[in-house]
Amino acid sequence: MSHPWCELDGYMALRRVNGLCLSPDGRRLVAPVGELAPDGTSFGTSLWEIDPEGRTAPRRITRSAAGESAPAFLPDGSLLFSTRRPDPDAAPGTDPTAALWLLPAGGGEAMPVAARPGGIGAVTVARDAGTVLYTAQTLPGATDADEDTAARKARKDAGVTAILHEAHPVRSWDHDLGPAQPRLFAAAPPEGPDSGLGATRDLTPAPGGALHNADPAISPDGRTAVVVWLTSTETAEPYEELVAIDIATGDRRTLADDPRHDSYGSPRISPDGRWVLTVASHEGTYDGEPRNSTLWLIDLATGRGRDLLPEHELWPRETAWAPDSSAVYFVADDHGRRPAWRVGLDDAAPVRLTAEGAYSALNPAPDGASLYALRDSWDEPPTPVRLDTRATGQDPARLPSPTPALDPPGTLTEVEATADDGTVIRSWLVLPDGASDSAPAPLLLWVHGGPYMSFNGWSWRWNPWLMAARGYAVLLPDPALSTGYGQQMLRRGWGDWGPRTFADVMAVTDAAVARPDIDAERTAMMGGSFGGFMANWIAGHTDRFKAIVSHASLWSLDGFHATTDSPAVWMREFGEPRTQPERYLRNSPHLHVADIRTPMLVIHGDKDYRVPIGEGLRLWWDLLSHRVDAKFLYYPNENHWILGPGNAKVWYETVFAFLDHHVHGNEWRRPDLL
């Protein structure tokens, strides 16, 4: 059977649904959809409308070369969105930034309604009042947009790109922080169909770096904003509070400042305006418990809080309020799935709504009967669906999607193995078409990143079906440190990344190659981020694999700890290397380079600030100096992930060529564009 979408050109051309936004009346469902740009060198995003009833085909409702994203509805049904498309009324020579545009509810042409010199970031709307809350990068000292523009011009004219930091952090994932700092603004809704946003107030005129992790929420009446406020201790360790800001006065008060929690994410205010829901997390301690996460419910008036999941070990990822404020919907990993759950405010146990699949982008309907979401799994990309809020263990109604239904080139099954300490390790196994006892398939072991996550759903960046289309079986295990199996699974590997996870993945690999439809003599291994760490660790501890691919990987832990963008979080688990060297010596892959015999492909992006390029450069040098058969695929302009379509194609082409050479013994063929 032909699977043209598994060819790289066909794969890159697939549309990708990246979220959902339901209108206040529940009649319109809008999704940002990624798609290959006409020139094929980038991905763009446009907005599509999806029929909540599932009767009509989806239709594209925005179109520009700059693209559109981040949809949000006003109470009258007008649609706000973010775009860098040029403002037709802007002064000549003005560089477009991410501005806020409006598409009228009754139809007509979109128009700009708000802009800032540093662009507009996160946006949310008061459900009843229509007040618009947004973040915008603003240079320190600037009191208004004109001063911000002048300060930016002065830096540009002087050729100054330097940033003076007085606190940590300085970078995040793939971008530098500063000199501009996020501020929080509140604006009245448009007064008429041809108006921009109304009076705007700077709620945080001198925030420093407090709003670097801002994900603001606003009360339905538009009177109160709730936002994460980042501070740091005297030892530069980050610390988050949850604060409420009076939109009329700008006065700020602390809602949550609990020593049991280091961070608060995704605050959401209940429809009745009484409660604030947040994902509260603890980063763990060196000598104590590992990381943890829960749902924290706060009385907006008093600040009193309580745990909504006190007896449960679920890690909530996304949340949404029921329209009557009596319950909360959320998603959390569970044994290789990411179900949708409902939990009431009455201390009842959470109820699992879905059986299979991984859910995201939760949008409850105003009548309380339906919950719209995206569903994906290893054999289905994110697809808009409608759930019944009263049902359990359900398979949802799928809605017509901008992404076509895909026919995978194989089958999906599960494999379990018992590790040396008696823990059951489960995995997904992707089997290619034609794999059988008489024609066993070569095996690729993939180890996930994180490490605090689970292999539970579709991945556009690492897609096993592209490997299956070329005859490989792909094993996707959830070893120690994986979420969805309770805190004990994290305790097993806390501070013991290398030895414990190695034992787990070897046990499940043994179980996979014992199958008659797997060729035990032709195996390879791949991993990125934490999976790349494990690729390096595995290379130094076994010769069982024909080839290993190590992407964005940790190599020398004693150097990594202070160069990553979040050293304090790292040191919660591994300690201070000068006074607590034990875990570094026990877990650092670079100490085992002399034992590496397996050919390795190293991949790293220069703009990776989570695992800085120094890790890849040192790994590459250490392999060469120890005469390991190795190659280095280096991306000067990519980050932790390889996002450009051309670069992503070359990534796959290089991996295919490397594996075919070492697993199948084919002649090495350098990709054409390299």
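This write-up is about the structure you can find in this document. (Residues numbered from 1 in each chain as written. Predicted model: local features only at pLDDT ≥ 70, side-chain atom pairs only at ≥ 80, totals over all residues. Heavy atoms only, no water.)

## Overview of the pairing of strand 7 (residues 79-83)
As a general feature of sheets, a regular strand has side chains that alternate between the two faces.
Part 1 of the argument: With five of five residues buried, strand 7 is to be regarded as a mostly interior element.
Part 2 of the argument: Across the two faces of strand 7 the burial is the same, with Leu79, Phe81 and Thr83 and Leu80 and Ser82 all buried.
Part 3 of the argument: Where strand 6 (residues 68-73) meets strand 7, four bridges bridge the pair, whose relative direction is antiparallel. Along strand 7, the bridge assignment pairs Ala72 with Leu80.
Part 4 of the argument: Counting the residues that bridge the hairpin from strand 6 to strand 7 gives five residues, and of these Gly77 lies at a positive phi of roughly 95°.
Part 5 of the argument: Both strand 7 and strand 8 (residues 99-103) contribute to a ladder of five bridges, which runs antiparallel. In the sheet register, Ser82 faces strand 8, and the bridge partner there is Leu100. (Buried < 20%, exposed > 50% of the residue type's maximum accessible area, 1.4 Å probe, protein only. Helix = DSSP H or I, 4+ residues; strand = E, 2+ residues; numbered from the N terminus. Pairing = 2+ DSSP bridges.)

## Things to note about unusual backbone geometry
Part 1 of the argument: The linkage connecting His168 with the following residue, Pro169, adopts the cis geometry, with an omega of 5°.
Part 2 of the argument: With respect to the helices, strands and loops of the structure, Pro169 is situated in the loop between helix 2 (145-158) and strand 12 (171-172).
Part 3 of the argument: Following Gly178, the chain continues to Pro179 via a peptide bond in cis, the omega torsion being 0°.
Part 4 of the argument: As for its placement among the helices and strands, Pro179 is situated in the loop between strand 13 (175-176) and strand 14 (181-187).
Part 5 of the argument: In this model, Ser529 sits at a positive phi of 65°, which is unusual for a non-glycine residue.
Part 6 of the argument: Tracing the backbone shows Ser529 in the loop between strand 36 (518-528) and helix 6 (530-539).
Part 7 of the argument: For Ala552, which is not glycine, the phi dihedral falls at a positive 45°.
Part 8 of the argument: The class for Ala552 is buried, based on a relative accessible area of 2%.

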